[in-house]
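Close look at the chain arrangement
Below are the chains, spelled out letter by letter.
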Amino acid sequence: MSHRSWRTRLILISLAVLTLAGAAATGASAFVLLQLGRIERHELADVLTSAPQQPVTAADVLIEQPATMAANPDSSAGSGMSSDEAGAVGDDVSAGDESDAVSDSSGIADRSAGQPVLPGGPTGENYLLVGTDSPVGLAADDPLRAGHSDYNRLADVIMVIRLRDDGTAAMMSIPRDLAAEIAGTSDIAGTGVMAKINSAYNRDRTTAARAARLIDTVEENLDITLQHFVEADFQAFLRLVDSVGGVEMTFDRPLRDQPKENATDPTESRSGFVTGAGTHLLDGRKALAYVRSRHLEEQLPDGTWQRHGAWNDLARTDRQREFMRVAAAQVAPALLANPINLLAVLDIAADHLSTSDTLSIVNDGRRLADKFAGLDVDADVEDYELRVVDVHDPVRWSLGLDPQRAEHNQRVLDVFRGIGWDDIVESRVRVQVTGTARHQVAAELSELGFDAQAAGPMPEGISDGLAGTVVYLAPQGRLAAGLLASHLLPVPDFAGHAELDATTVILHVGDEPPRIDPGHRRVDVPSADQLAP
């Protein structure tokens, strides 16, 4: 089973209540409606953000573009690939003429040169999914209670799911140990308290207050918007495994996670997991202990014990993924094969699931059930991962976004802003500005989001004696050049430059600098065989 396949099934399990509710509500019995009515809903509509407009991309502004460049908003073919792998892929109109020429990026607007291009409507919504490690329901002597109170509800799993109107989806895990400024807090310097992002879910007593703080923290630190919230505690996980009779796992060596006699901190969280080598059927309690283990040890052939892998949250996350990969193949068929199991899922959901008041359990369940009925989990769901590094300051030990992979991380986050992995937008276009007023023009383009810089020495092949404004582009650079030209009035001339890449252009400013328009206009960029060198 592929990596994407098991994670995709995890998405569907996370949203199973809504889709099952939609299917069940079609011929709903009083029992089903009663169970659905027990699902807790929190007043978060004022905290969650409305879905933003669809950004304008380079493909939206080009005229007579090849079919391969057609606008494909927020449905790129990305699957978390690195930025290295993804990289290579008219006349002046016055403001007074715009009233009768307004258009949008929906694909049915006027395609003539100079016509304004406006952002389209929202094409998807983001769901914040949280799995909590509340000890409520665990026995008083359960090792999983170590270091936890009934009020302790850390966000052990944080995931953002983007469900698009075209029936596709994207998913992204947020590392629970990611260092972040916690919303609504202030230190002695007046700035937000830096802590691990999951701690935002442990500062308040009510689920609504916890959810509101985590929503604000995610939105402010990652600069994405969230439209819905869903929470499930780990008791749901435990009961779900038990409802299908357990999950079989195979282990090469005996494993344990128990306090050692010389433990420096006996209150340290220990899961109590113990197993021998071979294949074992894990019930819900034992499965939960395995996936939550932080100090897993393995027994060597001579009987001694040593650390199993790294004792950090990334290793635990890998272990959780391994379990989910195996469990998905066993749990999903068991649930679908027996209607009694489906009713058990509704019962579990009623006890352990809560949502924001932006969701109608029945109506949104029907909508999601209809929309994703034909979902191809391997082809229609994209799996994205943020690149992180260890940091030791200011949060003792935590994770930070890898500065060496900043472009990759921005592309991942862009997907959840409605921008496809391969779409060309201002932030992905490098502009070298030469000629007259190059510093001023570069500054104005930077304000629009371009990676623009005033060039030092004149690049080879560029003449400083040109009277007009010229955009130099590579043969594969029509998209980048078109996006830049859509902001320039009057529309510049175009020329070829073989040494540029697909997302780098040179803007040579002639005797009279162009006006930089923050809006977008349609432009006609010549094809490579028409460009003079």
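Residues numbered from 1 in each chain as written. Predicted model: local features only at pLDDT ≥ 70, side-chain atom pairs only at ≥ 80, totals over all residues. Heavy atoms only, no water.

Side note on the overall build of the protein chain
Where we set the bar: Secondary structure follows DSSP: runs of H or I at least 4 residues long count as helices, runs of E at least 2 residues long count as strands, and numbering of each begins at the N terminus. For every residue, the accessible area obtained with a 1.4 Å probe (protein chains only) is divided by the maximum for its type, and the residue is called buried under 20%, exposed over 50%, and partly exposed between those limits. The protein chains shown are the only cover counted for residues, whose accessible areas, like all others here, come from Shrake-Rupley with a 1.4 Å probe.
From N to C terminus, the protein chain includes 14 helices and 26 strands. By the burial criterion, 49% of the 533 residues in the protein chain qualify as buried. For the protein chain, the accessible area works out to roughly 23,600 Å², and carbon and sulfur atoms hold 51% of it.

Looking at the confidence of the model for the protein chain
This is how the line gets drawn: Values of pLDDT, the confidence the predictor places in each residue, fall between 0 and 100. In this description, contact between two residues means that some pair of their heavy atoms is separated by no more than 4.5 Å.
On average, residues of the protein chain score 78 in pLDDT, and 70% of them reach the 70 mark or higher. Segment residues 24-28: pLDDT under 50, and five contacts once partners within four positions in sequence are set aside and those in other chains are kept. Across residues 66-73, where pLDDT falls below 50, the model places 14 contacts with residues more than four positions away in sequence or in other chains.

Let's talk about the packing of aromatic side chains
This is how it is decided: Stacked, tilted and edge-to-face are the three classes applied to pairs of Phe, Tyr and Trp rings, where Trp contributes its six-membered ring and a pair requires centres within 6.5 Å; stacked means planes under 30 degrees apart, edge-to-face means over 60, and tilted covers the rest. By definition here, charges over rings are those cases where NZ of Lys or CZ of Arg is within 6 Å of the ring centre and within 35 degrees of the ring normal.
A full pass over the atoms with the stated rule returns six aromatic pairs. Considering the side-chain rings of Y384 and W421, the 5.6 Å spacing of their centres and the 25° angle between planes classify their relative orientation as stacked. Separated by 37 residues along the polypeptide, Y384 in strand β16 (residues 381-385) and W421 in the loop between α12 (406-415) and β19 (430-435) bring together distant segments of the chain. Take Y384: its relative accessible area is 0%, and that puts it in the buried class. Its relative accessible area of 0% is what places W421 among the buried residues. Three or more aromatic residues joined by ring pairs form one cluster here, namely F251, F273 and Y290. Its guanidinium or amino end placed over the ring of Y201, R210 lies 5.6 Å from that ring's centre, counting from NZ or CZ. Its end group placed over the ring of W305, R256 keeps NZ or CZ at 4.1 Å from the ring centre.

Regarding helix α14 (residues 478-485)
Burial of α14 is extensive: seven of the eight residues sit out of reach of the surface. What α14 keeps buried is the set R478, A480, A481, G482, L483, L484 and A485.

Topic: the sheet that holds strand β20 (residues 451-454)
Put simply, the rule reads: Two strands form a pair only when DSSP identifies at least two bridges running between them. Each axis is a line fitted through C-alpha atoms, taken for helices only over the stretch in contact, and angles between the N-to-C directions span 0 to 180 degrees.
Strand order in the open sheet made by the five strands is β20-β19-β24-β21-β23, with mixed pairing throughout. Since the sheet does not close on itself, it has two edges, and those belong to β20 and β23 (493-496), each with one partner. In this sheet, adjacent strand axes meet at a mean angle of 25° when their direction is disregarded. One ladder, built from four bridges, connects strand β21 (residues 470-473) with β23; its direction is parallel. By the bridge assignment for β23, Y472 is matched with A495.

Structural notes on α12
Summarising burial for α12: seven of the 10 residues are buried, a large majority. If you check which residues of α12 are buried, you get H408, N409, R411, V412, L413, D414 and V415.

So, the side chain of N409
To be explicit about the condition: Between N or O atoms, a polar contact is any pair within 3.5 Å; within protein, one atom must be a potential hydrogen donor and the other a potential acceptor, and residues adjacent in sequence are included only when both atoms are from side chains.
Relative to the helices and strands, N409 is located in helix α12. Accessibility expressed as a relative area gives 2% for N409, which makes it buried. From its side chain, N409 meets the backbone nitrogen of R387 in a polar contact 2.8 Å long. Apart from residues lying up to four places away in sequence, N409 is in contact with L386, R387, L401 and D402.

Topic: the pairing of β16
The element β16 is extensively covered by neighbouring structure, given that four of its five residues are classed as buried. As paired strands, strand β5 (residues 169-173) and β16 are joined by five bridges and run parallel to one another. When the bridges of β16 are listed, A169 appears paired with V381.

Quick look at the pattern of salt bridges
For clarity, the cut-off: The rule for a salt bridge is simple: a side-chain nitrogen of Lys or Arg has to be within 4 Å of a carboxyl oxygen of Asp or Glu.
One pass over the full model with this rule turns up 14 salt bridges. With its nearest N and O atoms 3.2 Å apart, the salt bridge here joins E298 to R253. Taken together, the residues E298 in strand β13 (residues 297-299) and R253 in the loop between β9 (247-251) and β10 (255-256) connect sequence positions 45 residues apart. Between R428 and D414 there is a salt bridge, and its shortest N-O distance comes to 3.0 Å. Linking R428 in the loop between α12 and β19 with D414 in helix α12, this pair joins segments that are 14 residues apart in sequence. You'll find R428 and D414 in the same group, each marked buried. Because the salt bridges share partners, they merge into one network encompassing E407, R411, R430 and D451.

Structural notes on the sheet that holds strand β11 (residues 274-275)
Pairing is antiparallel in the open sheet, where four strands are placed in the order β11-β10-β13-β14. Of all the strands in the sheet, the pair left with one neighbour each is β11 and β14 (305-307).

Let's talk about the side chain of D60
Structurally, D60 can be placed in helix α4 (residues 58-61). Of note is the side chain of D60, whose polar atom sits 2.9 Å from the backbone nitrogen of T57.

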